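Fold and contact review
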Amino acid sequence: MTELKIGLALSGGAAYGFAHLPVLQAFEDMGVRPSVLAGTSMGAIGCASFAAGYSAQDMLEHTQEVFALRSALFKRLPRLLPTHLKASLQDWNPLSLDPYAVLDEFMLPVPESFEALDIETHLVATNFATGAAVPFSSGALKPAVAASMAIPGLFKPVYIDGQAHLDGGLVSPLPVEYLPSDCDLIIASSVIGAPSRETQTKFTQDGSTKALKFNEIMMGCVQILTSQLVESSTVKRKPDLMIWGRQDKFRPFDFMRAKEISDANQPLRDQVKRFLTEALEVRSRGQTWTPSEFFCSQAMPEIAAPKPADLEVPV
C-alpha cells in the first residue's frame, strides 16, 4: 500500500465530525498512513491531530474526558470569551468565543508549524474580504486550524497577515480539490449532507414547517447549502471512494455524544479497509478502479467497493 500516494479529505460538520474517526481507524488497522491530508473546520482539527501523531482513539478519549462533566464544562466557558468584553459588546455579539482559547481547552496539543507534522496537511479557511477559500499548508499551524473552524457568529474571526478569516466550510466544506494532483487514490469523508432523516420525515408527514423547530429549519438550510458545495467540489475532483457519515439521531453540537457518533459510523471502518485492500490488489495487476460510494445510514443503500469485474483496464 505504500506504493500508493493516498489523499484523504475530511469535511467540516461540528460534532458530526466524529464520524471521521472510524475512517482514520481503518488506516491504523492496516498499518497504512495517508500520504496527504486536507481538512476543513472539524475536519481540520482531525487532520492536524492525526498528522501530529495522535490516534483516532486518542482523539475520542480526549473528547470524552473534556466533555465528561457538564458542570466542569460550564466553568471553562468564561475562559473562552473574548478578553475585552466592551469591545465584544460593540460587535453586538458578547458571546463570540475566542477560537484560540477553544483550541487550548478542547484540542490535543499539536506542533507549532505545519513543517513539524508527520503527514503533509492542507487546511482550508475563508477570507472574509474576498470570499475565497484560503488553503494553509506551511507556517504556523494553530492560526490555520483556528481560522478553519471559526464559525461565523459563534467564533471571533481569525486574523492572519492582516486578513480576517472565517470557517472554511463557507466555501469549501469538503476540500478534495486541495489534495495534490499526483495522488494515486483519493478518499473523501463527508459528514455534510441534506437535513437529517428525522427532520425530513417531520417535514414530509406534516406537509409544512409547523412541526419543525426554528433551529431545525436553520440547521437544515445550512446543510442544504453546504451539501451543494460538497457536490460541486466532488464534481471538480471526483474521489475514488466517497464516504457519507451518518447524521440521523444526532445534532451538530452533540460533542458529549462523541463515542455514540463514532460507534454509529463503525461500518465505515470495514468499508475503507476493503477498498484499500482492493486498491492494492488492483494496482498490483496494473489496473485501475471505478469510483465507489458508501452511505453509512440505515435509511440509505450500501454500495460496496468495486469488484474485479467492475474494474477498468487503463487504455
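Residues numbered from 1 in each chain as written. Predicted model: local features only at pLDDT ≥ 70, side-chain atom pairs only at ≥ 80, totals over all residues. Heavy atoms only, no water.

Along the polypeptide, His-122 turns up in strand β3 (residues 120–127). Those residues in contact with His-122 that lie beyond four places of it in its chain are Val-36, Leu-37, Ala-38, Gly-39, Phe-136, Ser-137, Tyr-178 and Pro-180. (Helix = DSSP H or I, 4+ residues; strand = E, 2+ residues; numbered from the N terminus. Contact = heavy atoms within 4.5 Å.)

Okay, the pattern of salt bridges next. Counting across every chain of the model gives 9 salt bridges. Between Arg-283 and Asp-184 there is a salt bridge whose closest N-O contact spans 3.7 Å. Pair noted here: Arg-283 is in helix α11 (residues 267–284) and Asp-184 is in the loop between β6 (163–167) and β7 (185–190), with a separation of 99 residues, a long-range link. Given a relative accessible area of 33%, Arg-283 falls into the partly exposed group. The partly exposed category is assigned to Asp-184, whose relative accessible area is 31%. A salt bridge links Asp-270 to Lys-273, with the shortest nitrogen-to-oxygen separation between them at 4.0 Å. In this pair, Asp-270 and Lys-273 are both assigned in helix α11, 3 residues apart and thus about one turn of the helix distant. Given the relative accessible area of 41%, Asp-270 is considered partly exposed. Salt bridges here are not isolated pairs; linked through shared partners, they connect Asp-29, Arg-269, Asp-270 and Lys-273. (Salt bridge = Lys/Arg side-chain N within 4 Å of Asp/Glu carboxyl O. Buried < 20%, exposed > 50% of the residue type's maximum accessible area, 1.4 Å probe, protein only.)

Of the residues making up helix α3 (residues 56–66), those classed as buried are Ala-56, Met-59, Leu-60, His-62, Thr-63 and Val-66. With its buried residues spanning 165° around the axis, α3 presents them on a single face. (Arc of directions from axis to C-beta.)

Residues with a pLDDT of 70 or more make up 77% of the chain, whose mean pLDDT is 82. In this model, residues 84–89 is a region of pLDDT below 50 whose contacts with residues beyond four sequence positions or in other chains number 6 contacts. Predicted confidence is poor over residues 298–315, with pLDDT under 50, and the contacts of this stretch with residues over four places away or in other chains come to 41 contacts. (pLDDT = per-residue confidence, 0-100.)

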